[in-house]
Amino acid sequence: MKKSVLITGGAGFLGSHLCNLLIKKGYFVICVDSLITGSIGNIQRLLKGKDFRFIKHDVTKYIKVKGEIHYVLHFASPASPMDYLKYPIKTLKVGSLGTHNALGLAKAKKAVFLLASTSEVYGDPLINPQPEDYWGNVNCVGPRGVYDESKRFAEAITLAYYRTHKIDTKIARIFNTYGPFMRKEDGRAIPNFINQALMDKPITVYGAGGQTRSFCFISDMIGGIYKLLRSRVNSPVNIGNPDEISVLKVAHIIKKLTESKSKIVFEELPVNDPQVRRPDITFAKSKLKWQPKVPLKKGLLKTIQWFKNTSVI
Ligand code: NAD
Ligand code: UDP
């Protein structure tokens, strides 16, 4: 009998890649998604398979699924700043009520639980790189607070279930990830820059572009999450690529790789936009034997190719 995995948010960017990987690894996958920011298009290729089932459902409501479930992966949540600023209350609800429901399901089914947390729990960090034992610097009442605090609550309730109910829980602190199946219009830096560059439209850098991020290609990220799922680690783990780069430099690289005629323009920096972000992955390296392999330019070329093939320019 195949082991069953239930993934909330499985029709999103990360979730759809995970569904794909888990089917390949021999699991039966149940994808539960409200499609608020995800799409059927992301899982179209999986829908015909016998090892995949899709349930359209909002996980802030009770999750009812018959039969055995061995793993619950909670990935449902708006993730792009544009999305969570558009859906502030839904973001808070999916991180709180949604995480509670997903944990309740894992408890009822005696399943392993994995939470998709985020580097945003560190907020605008005062130390760089960020190790897991850094508590962060978050403005809970700022516009980004809806996402950061919902994930901080999600981590807290996950560890409360681990300690109280002895559920085998995992927390992946995911840093900026990019690759095929990102929504063209999701507002994040890499899809924005690539699509602007492909159309020779202005590339919009917010602020002076000196703020940094550390971008991880999707195949590396999914590999890390899978290793965490199969590990004995229960404390939060940073999963991301430690190669830190300024946003302006990324804009220039994308312009060059796409041979674009776009101008780079500077727009207002969003409130509380973190100035630096870089994972300390010492823990993942030692406990999961994991580290990313795909260099930025190689990942960007694959992503550019994918956007070229799918875009309706
Ligand atoms: P995404 O928007 O592509 O996917 C999120 C999915 O969750 C969508 O399919 C959406 O429809 C679904 N969803 C949202 N609310 C729901 C609800 N109440 N009920 C059911 N489904 C719901 O985003 P993503 O980039 O794939 O992110 C996936 C997860 O990974 C999120 O939890 C996010 O916080 C986390 N994460 C992502 C990144 C990244 O760089 N992509 C970084 C850190 C953390
Ligand atoms: N950004 C930008 N131009 C854009 C979109 C984003 O300069 O068109 C910046 C944004 O202000 C942030 C960084 O790029 O400093 C990464 O933003 P993204 O939305 O990808 O993710 P975040 O790390 O902020 O969640």
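Shown above is the structure to which this text applies.
Residues numbered from 1 in each chain as written. Chains lettered and ligands numbered in written order. Predicted model: local features only at pLDDT ≥ 70, side-chain atom pairs only at ≥ 80, totals over all residues. Heavy atoms only, no water.

**Student:** How would you summarise the overall build of the chain if you had to cite specific residues and measurements?
**Tutor:** Helices and strands together make up the secondary structure of the chain, namely 10 helices and 13 strands. Taken over the C-alpha trace, the chain has a radius of gyration of 19 Å; the compact-globule value for 313 residues is 20 Å, and the two agree within 12%. Oriented by its inertia axes, the alpha-carbon framework of the chain measures out at about 55 × 45 × 40 Å. The burial tally for the chain puts 54% of its 313 residues in the buried class. (Helix = DSSP H or I, 4+ residues; strand = E, 2+ residues; numbered from the N terminus. Rg over C-alpha atoms; globule rule 2.2 N^0.38 Å. Buried < 20%, exposed > 50% of the residue type's maximum accessible area, 1.4 Å probe, protein only.)

**Student:** Go over the side chain of Ser77, please, and point to the residues and values.
**Tutor:** Mapped onto the fold, Ser77 is located in the loop between strand S4 (71–74) and helix H3 (81–86). Beyond its immediate sequence surroundings of up to four residues, Ser77 is in contact with Thr91, Val94, Tyr147 and Lys151. (Contact = heavy atoms within 4.5 Å.)

**Student:** Could you give an account of the sheet that holds S4, naming the residues involved and the relevant values?
**Tutor:** Sheet architecture is open: seven strands sit in the order S3-S2-S1-S4-S5-S6-S11, paired in parallel fashion. This sheet does not close on itself; its edge strands, each paired only once, are strand S3 (52–56) and strand S11 (237–239). Averaged over neighbouring strand pairs, the angle between their axes works out to 20° when direction is ignored. Sheet topology note: the strand S1 (residues 4–8)/S4 ladder contains four bridges and is parallel. Among the inter-strand pairings, Val5 is bridged to a residue of S4, identified as Tyr71. Contacting S1, strand S2 (28–33), S3, S4 and strand S6 (169–174), helix H1 (residues 13–24) runs over the sheet at an angle of about 170° to S1. Seen against the sheet, helix H5 (residues 145–165) touches strand S5 (112–118) and S6 and runs at an angle of roughly 155° to S5. (Pairing = 2+ DSSP bridges. Axes fitted to C-alpha atoms, helices over the stretch in contact; angles between N-to-C directions.)

**Student:** So what about the site of ligand 2? Which residues, and what values?
**Tutor:** Ligand 2 sits among 18 residues. The nearest are Thr204, Tyr206, Arg213, Asp273 and Arg277. Contact distances for ligand 2 include 3.0 Å between an oxygen atom and a side-chain N or O atom of Arg144. Take Asn192: an N or O atom from its side chain is 2.8 Å from an oxygen atom of ligand 2. The fraction of the free accessible surface of ligand 2 (520 Å²) that becomes covered by protein chains is 95%. Considering only residue class, the shell around ligand 2 consists of seven nonpolar, five polar and six charged. (Near = heavy atom within 4 Å. Polar contact = N/O pair within 3.5 Å; in protein donor to acceptor, adjacent residues only side chain to side chain. Areas by Shrake-Rupley, 256 points an atom, 1.4 Å probe, with all protein chains shown as cover. Nonpolar A, V, L, I, M, F, W, Y, C, P; charged D, E, K, R; others polar.)

**Student:** Report on unusual backbone geometry, specifying residues and quantitative values.
**Tutor:** Cis geometry marks the peptide bond from Asn128 to Pro129; its omega dihedral reads 0°. By the element assignment, Pro129 lies in the loop between S5 and H5. Non-glycine residue Asn272 carries a positive phi angle of around 60°. Here Asn272 is to be found in the loop between strand S13 (264–267) and helix H9 (282–288). In this structure Asn272 comes out as partly exposed when scored by relative accessible area, which is 32%.

**Student:** Outline the nonpolar core, listing residues and values.
**Tutor:** Core analysis: the largest hydrophobic core is formed by 62 residues, its most contacted members being Leu22, Leu73 and Phe75. A per-element tally of this core places helix H7 (residues 218–229) first, with seven residues. What Phe75 contacts, discounting residues up to four positions off in sequence, is Thr8, Gly9, Leu14, Leu18, Leu114, Ala116, Ile174 and Ile225. Grouped together as the second largest cluster of nonpolar side chains are 24 residues, Ile55, Val72, Val94 and Leu159 included. (Core = buried A, V, L, I, M, F, W, Y, C linked by side-chain atoms within 4.5 Å.)

**Student:** Explain the packing of aromatic side chains to me, and be specific about the residues and the numbers.
**Tutor:** The final tally for this structure, using the stated rule, is nine aromatic pairs. Relative to Tyr147, the ring of Tyr84 lies with its centre 4.3 Å away and its plane at 5°, an arrangement referred to as stacked. Of the two residues, Tyr84 is situated in helix H3 and Tyr147 in helix H5; the sequence distance between them amounts to 63 residues. The same class applies to Tyr84 as to Tyr147, namely buried. When the ring of Phe181 is compared with that of Trp306, the centres are 5.0 Å apart and the planes differ by 40°; the resulting orientation is tilted. Of the two residues, Phe181 sits in the loop between strand S7 (177–178) and helix H6 (189–198) while Trp306 sits in helix H10 (residues 296–310), which places them 125 residues apart along the sequence. By the burial criterion, Phe181 is buried, and Trp306 matches it. Its end group placed over the ring of Phe181, Arg45 keeps NZ or CZ at 4.3 Å from the ring centre. (Phe/Tyr/Trp six-rings, centres within 6.5 Å; stacked < 30°, edge-to-face > 60°. Lys NZ or Arg CZ within 6 Å of the ring centre and 35° of its normal.)

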